[in-house]
Amino acid sequence: MDIAIKRASFGQDDQSWLGSAHGTNAAQTITLDVSTFTKATHYPDGYLKSGLPLQKLPSGKFGLWLTTKPLAGFLFTPVSAPADSATPVGAALLEHGRVIAAKLPVSVDAGGQTSAAGRIIFA
């Protein structure tokens with residue numbers, strides 16, 4: 001895993017999916033398993049967009065949420081995707097707060113919303 005400090009620019013990331021500032025000051029540091037994302041769908045521009053729904057994997061890393069798993073939270077800020085999807089990257093997880101469901105880059109169904117009840121409020 002690459003933990004070197006880097007400065008990256010992603011143009012304009014759209015965080016309009018955030019329904020409030022609540023929880024944004026307490027984002028959890030996580031490790032992403034980039035191999036769970038599809039390049040053409042989730043990072044065609046070379047970065048993972050904020051607002052992607054995440055699940056905790058058996059490895060302890062986090063990956064793209066699947067409808068059959070509990071929703072852990074959302075990718076808080078964009079993350080540059082490595083050329084090799086096997087390389088894990090550091091990221092920030094918004095695990096509690098308010099989210100505007102219609103503005104998420106990937107929709108979260110009723111089951112996912114229920115699995116995050118008490119932590120995430122969907123508006």
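In this text the structure is predicted, and so the values were computed from the model without any measurement.

The rules behind these values
Residues numbered from 1 in each chain as written. Predicted model: local features only at pLDDT ≥ 70, side-chain atom pairs only at ≥ 80, totals over all residues. Heavy atoms only, no water. Helix = DSSP H or I, 4+ residues; strand = E, 2+ residues; numbered from the N terminus. Rg over C-alpha atoms; globule rule 2.2 N^0.38 Å. Buried < 20%, exposed > 50% of the residue type's maximum accessible area, 1.4 Å probe, protein only. Contact = heavy atoms within 4.5 Å. Lys, Arg positive; Asp, Glu negative; His and termini not counted. Charge placed at Lys NZ, Arg CZ, Asp CG, Glu CD. Core = buried A, V, L, I, M, F, W, Y, C linked by side-chain atoms within 4.5 Å. Pairing = 2+ DSSP bridges. Phe/Tyr/Trp six-rings, centres within 6.5 Å; stacked < 30°, edge-to-face > 60°.

> Explain the overall build of the chain to me, please; I cannot follow it from the model alone.
Helix and strand content of the chain: two helices and nine strands. Computed over its C-alpha atoms, the radius of gyration of the chain comes to 13 Å, within 12% of the 14 Å expected for a compact globule of 123 residues. Taken along the three principal axes of its C-alpha coordinates, the chain extends 35 × 30 × 25 Å. Counting every position in the chain, which comprises 123 residues, the buried fraction comes to 38%. In the chain, of all internal contacts separated by at least 6 residues, the share reaching a separation of at least 24 is 65%. One finds the centroid of the 10 positive side-chain charges in the chain at a distance of 4 Å from the centroid of its 8 negative side-chain charges.

> Can you walk me through the nonpolar core in this structure?
One recurring pattern in soluble globular proteins is that nonpolar side chains are buried together. Of all hydrophobic cores here, the largest spans 17 residues; its most connected members are Ile 30, Leu 32, Phe 37, Leu 48, Leu 54 and Leu 75. Of all the elements in the fold, those that place two or more residues in this core are strand 1 (28-32), strand 4 (62-64) and strand 7 (89-94). Ranked by residue count, the leading element in this core is strand 7, at three residues. By size, the runner-up hydrophobic cluster in this structure holds 14 residues, among which are Trp 17, Leu 104, Val 108 and Ile 120.

> Help me understand the pairing of strand 7, please; the structure alone is not making it clear to me.
Sheet faces and side chains relate simply in a regular strand, where the side chains alternate between the two faces. Across the six residues that make up strand 7, a large majority, five, are buried. Pairing of strand 1 with strand 7 involves five bridges; the strand directions are antiparallel. In the sheet register, Ile 30 faces strand 7, and the bridge partner there is Ala 91.

> Help me understand the packing of aromatic side chains in this model?
Here a ring pair, both rings aromatic, is described through the centre-centre distance and the interplanar angle of the planes. Taken as a whole and judged by the stated rule, the model has two aromatic pairs. The interplanar angle of 40° and the centroid separation of 5.9 Å between the aromatic rings of Trp 17 and Phe 74 together place this pair among those described as tilted. A residue pair is termed long-range when its members are at least 10 positions apart, and Trp 17 in the segment before strand 1 and Phe 74 in strand 5 (residues 73-75) qualify at 57 residues. Comparing Trp 17 with Phe 74 shows no difference in burial state: the two are buried. Ring centres 6.1 Å apart and planes at 70° place the aromatic pair Phe 74 and Phe 122 in the edge-to-face group. A residue pair is termed long-range when its members are at least 10 positions apart, and Phe 74 in strand 5 and Phe 122 in strand 9 (residues 120-122) qualify at 48 residues. Exposure remark for Phe 74: the relative accessible area of 0% places this residue in the buried category.

Keep in mind these values describe shape, not function.
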